[in-house]
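# Architecture and fold: a report
Here are the chains, one letter per residue:
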Amino acid sequence: MANSINTNAGALVALQNLNQTSRDLATTQNRVNTGQKISSAKDNGAIFAIATSQRAEMGAQDAVKQSLQRGQSIVDVALAAGETVTNALNELKSLAVAIQDAPTGSDTATKLNADFTAIVSEIKTALTGANFDGVNLFNASATAIDVTTNTSGGKFTLKSAAGAAAGATKADGSVDPTQAPDPDGAGALTAFDFANVADRTAANVERAVANFSTVLADLGTKSKSLDRQLTFTSKMQDALEVGIGNLVDADLAKESAKLTALQTKQQLGVQALSIANQSSSILLGLFR
């Protein structure tokens, strides 16, 4: 190439290399600042779209966890009330035995029945008060009580809608061990009602204990299921976070070494451009 003062090819090449180094340096500095190799769509549109989608999924998983935790609290409150009811039923069995032995119409029988009535009232109060966020698993419900288990709309049923009576569950779907259905088909037991003292027998109380234990066993199983769902959701969130990191996170040790190299390369590029710019002035020596 001819020597020319109009076209400085060396300076042009040096400038292009310097500009490229500056761009690489800006990219590396951005990765160091953000900790990400892909922080915007212009870095890599496809990977950025995938990461954005998975971040949205992680946010939805938070809502799933909140739903599961709400359900767990509802069940835990019911179990706490159930423990109170179980203790009361155990006490009622002792009273029922004593009532059977007490002479009818005696002062002792009156006092025992008064205690029995008071404990029945406590049972009903405990069941009525087992509320969390407006939900009581012992009350009748026209629709099923569900919680969300995944971002696809999966549901876990805490309590089904009212159906056929079984055990301590009455026909309307409410739970009351003091009025359990009679297995012989003779209608609802009245042993725990205030009106019929004669049915306050140990056998009836024992049946109520068995019926209510079935309800508590079901609640305990659901509580464990919710625990497992929460654990699974937490692991899913961790896996998603790691997956997103694999896609977009920068290797800071590598970027740090690259940053130092590019800074040195930039300084050399500036010197090379300076030398190339001096080539035209050298031509002046030929005209002396």
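Everything quoted here is computed from the prediction, not taken from an experiment.

Parameters and conventions
- Residues numbered from 1 in each chain as written.
- Predicted model: local features only at pLDDT ≥ 70, side-chain atom pairs only at ≥ 80, totals over all residues.
- Heavy atoms only, no water.
- Pairing = 2+ DSSP bridges.
- Helix = DSSP H or I, 4+ residues; strand = E, 2+ residues; numbered from the N terminus.
- Salt bridge = Lys/Arg side-chain N within 4 Å of Asp/Glu carboxyl O.
- Axes fitted to C-alpha atoms, helices over the stretch in contact; angles between N-to-C directions.
- Parallel < 35°, antiparallel > 145°, perpendicular 65-115°, else oblique.
- Left-handed = near helix turned anticlockwise from the far one by under 90°.
- Nonpolar A, V, L, I, M, F, W, Y, C, P; charged D, E, K, R; others polar.

### Some thoughts on the pairing of strand S2 (residues 155-159)
As judged from the four bridges shared by strand S1 (residues 145-148) and S2, these two strands associate in the antiparallel manner. Pairing of Ile145 across the sheet is with Lys159, part of S2. Adjacent in sequence and paired antiparallel, S1 and S2 are bridged by six residues, among which Gly153 carries a positive phi angle near 95 degrees.

### Some remarks on the pattern of salt bridges
Taken as a whole and judged by the stated rule, the model has six salt bridges. When the shortest N-O distance is used, the salt bridge between Glu255 and Arg31 registers 3.3 Å. A residue pair is termed long-range when its members are at least 10 positions apart, and Glu255 in helix H5 (residues 252-277) and Arg31 in helix H1 (residues 9-34) qualify at 224 residues.

### Overview of the packing of helix H2 (residues 45-101) against helix H4 (residues 202-248)
At a closest axis distance of 7 Å, the pairing of H2 and H4 adopts a crossing angle of 165 degrees. As judged from the angle between their axes, H2 and H4 are roughly antiparallel. Here H2 runs over H4; the crossing is left-handed. By residue class, the composition of the contact of H2 with H4 is 28 nonpolar, 15 polar and nine charged.

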